[in-house]
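Structural features, examined
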Amino acid sequence: MPLSALVQTSKFTTANVVRPHTQGGAKICSHGFHSRYANGQAHEAHEWTTAGRRSSRVPSKSPSSHLALHTSTAVVQLYSKTTSARTLLALLPRTSATNGLGDNYMTRRARSTITELFQGNKEYMASMSKTNPGLLASLARDGQRPPFMLVDCSDSRVNEQGIFSAQPGTIFTAGNIANRFDEDDLNSNAVLSFAVENLKVKHVVVLGHYGCGGVAASMMPNSAPLSRPADVAVQGWIKPIRDIYETSTRAEILEHREKCKTSPIPSLPDLHDPAFRALVEENVKSNVQKIANSAVIRDHYADVIKTNGSGSSSNSNSTPTASSKDKDTISEIYIHGWVYDVENGKVSDLGVSVGPPGRDLPFSPFPLIGES
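Residues numbered from 1 in each chain as written. Predicted model: local features only at pLDDT ≥ 70, side-chain atom pairs only at ≥ 80, totals over all residues. Heavy atoms only, no water.

**Focus on the packing of aromatic side chains**
Within this structure, the stated rule accounts for three aromatic pairs. Each ring, one from Phe172 and one from Phe194, has its centre 5.9 Å from the other, and the planes form 45°; the classification is tilted. Residue Phe172 is located in strand 4 (residues 171–176), and its partner Phe194 is located in helix 9 (residues 186–198); the two are separated by 22 residues in the primary sequence. Taking the relative accessible area as the measure of exposure, Phe194 reaches 35% and is therefore partly exposed. Arg180 extends its terminal NZ or CZ atom over the ring of Trp237, reaching a point 4.4 Å from the ring centre. (Phe/Tyr/Trp six-rings, centres within 6.5 Å; stacked < 30°, edge-to-face > 60°. Helix = DSSP H or I, 4+ residues; strand = E, 2+ residues; numbered from the N terminus. Buried < 20%, exposed > 50% of the residue type's maximum accessible area, 1.4 Å probe, protein only. Lys NZ or Arg CZ within 6 Å of the ring centre and 35° of its normal.)

Next up, the structure:
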């Protein structure tokens, strides 16, 4: 399945995103999508929704609900002065209007129940039976063969299937804090290995997002000794991002770092802070390279050359090697770096795609970062 299929099947596709490309394939894969939360005002207008319908429930006026909200707010205020709490706050969704925990988020959180998930599941089953009868049964019987693997963030605002309006069986997802890939992490390596060797995916996408709490936390001072297990785990996981922040020569990050030497930032960076957005992008680029340089991908690319032959996959003069004559060709995997904007739902490409040696990168109708 080509990357353009994600555009063609999306209910949230932006208009006029096709751009010129070079003969034989562009050097990137590009895209643009809108989620249902187009801006802060729309975010406030929606409460808990299922199957695209707005909930008819109204906020509870009972003393218990107010107590839960006030208690949660008090806890946030109590811990907001500590390094560990700043990390915690960084990992929680924030409204663009307040750059913090807005009342709308806290109110939804206080009154959310498991019943909502149960009701949503019922509506999902009904919707699938009506719009895609037999799809789930077919996937259960025949197994999955997703063309895409997505390494994205665990952030609740990043809805992988919804962003691309993708059907079940399309995207194999591997979410974690700040969409990182670490070859020394057993889970990261196992997921990539399974996607490449068993599922035979065609594209691996690292999808970062602006407003990422893990990236924001890596920009904050971390001088206090870490004692709590949760702090040790989180700070250890985002350390590679902190390393990028502390060593990057990108202008926005360098300026921010120099400014913080004399005036350390007292709070998390704003959603639109240029350095914050730049670090999100640099983190994606770094993880694309880590995946491309992993033993799993290097071994796969060696098999591609051995089995499919050297040279461009679109070059009819490419001659398979002798050892590949009796073998079927194997899937040629391409790795891409994209960024999702949680404020308007748009996905953009960073132009750092990687493919097997000598292969043209596949064309995609999605725009590069910086292009209109």
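From this point, things continue past the structure.
**Quick word on the confidence of the model for the chain**
Scored by pLDDT, the chain comes out at a mean of 76, with 66% of its residues at no less than 70. In this model, residues 9–90 is a region of pLDDT below 50 whose contacts with residues beyond four sequence positions or in other chains number 167 contacts. Counted against residues more than four places away or in other chains, residues 93–101, with its pLDDT under 50, gives 26 contacts. (pLDDT = per-residue confidence, 0-100. Contact = heavy atoms within 4.5 Å.)

**Some points on the sheet that holds strand 3 (residues 148–153)**
One open sheet holds the five strands; their spatial order is 4-3-5-6-7, and the pairing between them is mixed. The outermost strands of the open sheet, each flanked by one partner alone, are strand 4 and strand 7 (347–349). Taking the axes of each pair of neighbouring strands and ignoring which way they run, one obtains an average angle of 25° across the sheet. Strand direction decides the pairing type here: strand 3 and strand 5 (residues 203–210), joined by five bridges, are parallel. Note on strand 5: the bridge partner recorded for Phe148 is His203. (Pairing = 2+ DSSP bridges. Axes fitted to C-alpha atoms, helices over the stretch in contact; angles between N-to-C directions.)

**Regarding the packing of helix 12 (residues 251–262) against helix 13 (residues 274–292)**
Across the interface, helix 12 lies against helix 13 with an axial gap of 8 Å and an inter-helix angle of 125°. Comparing their axes, helix 13 and helix 12 come out oblique. Considering the relative orientation of helix 12 and helix 13, their crossing is left-handed. Contact with helix 12, carried on its side by Glu252, Ile253 and His256, involves Pro274, Ala275, Ala278, Leu279 and Glu282 of helix 13 and no other residues of that element. (Parallel < 35°, antiparallel > 145°, perpendicular 65-115°, else oblique. Left-handed = near helix turned anticlockwise from the far one by under 90°.)

**Remarks on the environment of Ala275**
Its place among the elements puts Ala275 in helix 13. A residue is classified by how much of its surface remains accessible, and Ala275, at 3% relative accessible area, is buried. In the structure, Ala275 is positioned 23 residues away from Glu252 in sequence and 4.7 Å away in space, judged by C-alpha atoms.

**Notes on unusual backbone geometry**
Positive phi outside glycine occurs at Ser165, with the angle close to 50°. Assignment of secondary structure puts Ser165 in the loop between helix 8 (160–163) and strand 4. Even without being glycine, Ala178 reaches a positive phi, approximately 65°. Here Ala178 shows up in the loop between strand 4 and helix 9.

**Quick notes on the state of the cysteines**
Taken as a whole, this structure holds zero disulfides when the rule is applied. Here Cys212 is not cross-linked by a disulfide; its sulfur's nearest cysteine counterpart is in Cys153, at 4.1 Å. We classify Cys212 as buried; its relative accessible area is 1%. (Disulfide = S-S within 2.5 Å.)

**So, the nonpolar core**
Counting residues in each nonpolar core, the largest one holds 64 residues, and the members touching the most others are Met149, Leu192, Val204, Ile291 and Ile335. In terms of residues, this core owes the most to one element, helix 13, which gives nine residues. Filtering out sequence-adjacent residues up to four positions away, Val204 remains in contact with Met149, Val151, Leu192, Ile291, Ile333, Tyr334, Ile335 and His336. (Core = buried A, V, L, I, M, F, W, Y, C linked by side-chain atoms within 4.5 Å.)

**A look at the pattern of salt bridges**
By the definition in use, this model includes 12 salt bridges. A salt bridge links Asp142 to Arg141; the nearest nitrogen and oxygen atoms lie 3.4 Å apart. Taken individually, Asp142 and Arg141 each receive the classification exposed, so the pair is uniform in this respect. A salt bridge links Lys285 to Glu282; its shortest N-O distance comes to 3.1 Å. In this pair, Lys285 and Glu282 both sit in helix 13, three residues apart, roughly one turn of the helix. For Lys285, a relative accessible area of 26% translates into the label partly exposed. (Salt bridge = Lys/Arg side-chain N within 4 Å of Asp/Glu carboxyl O.)

**A word on the packing of helix 11 (residues 229–247) against helix 12**
The N-to-C vectors of helix 11 and helix 12 enclose an angle of 85°; their axes lie 8 Å apart at closest approach. In terms of their interaxial angle, helix 11 and helix 12 are classed as roughly perpendicular. Taking contact as the criterion, the partners of Tyr245, Glu246 and Thr247 in helix 11 are, on helix 12, Ile253, His256, Arg257 and Cys260. Here the contact of helix 11 with helix 12 is composed, by residue class, of three nonpolar, two polar and two charged. (Nonpolar A, V, L, I, M, F, W, Y, C, P; charged D, E, K, R; others polar.)

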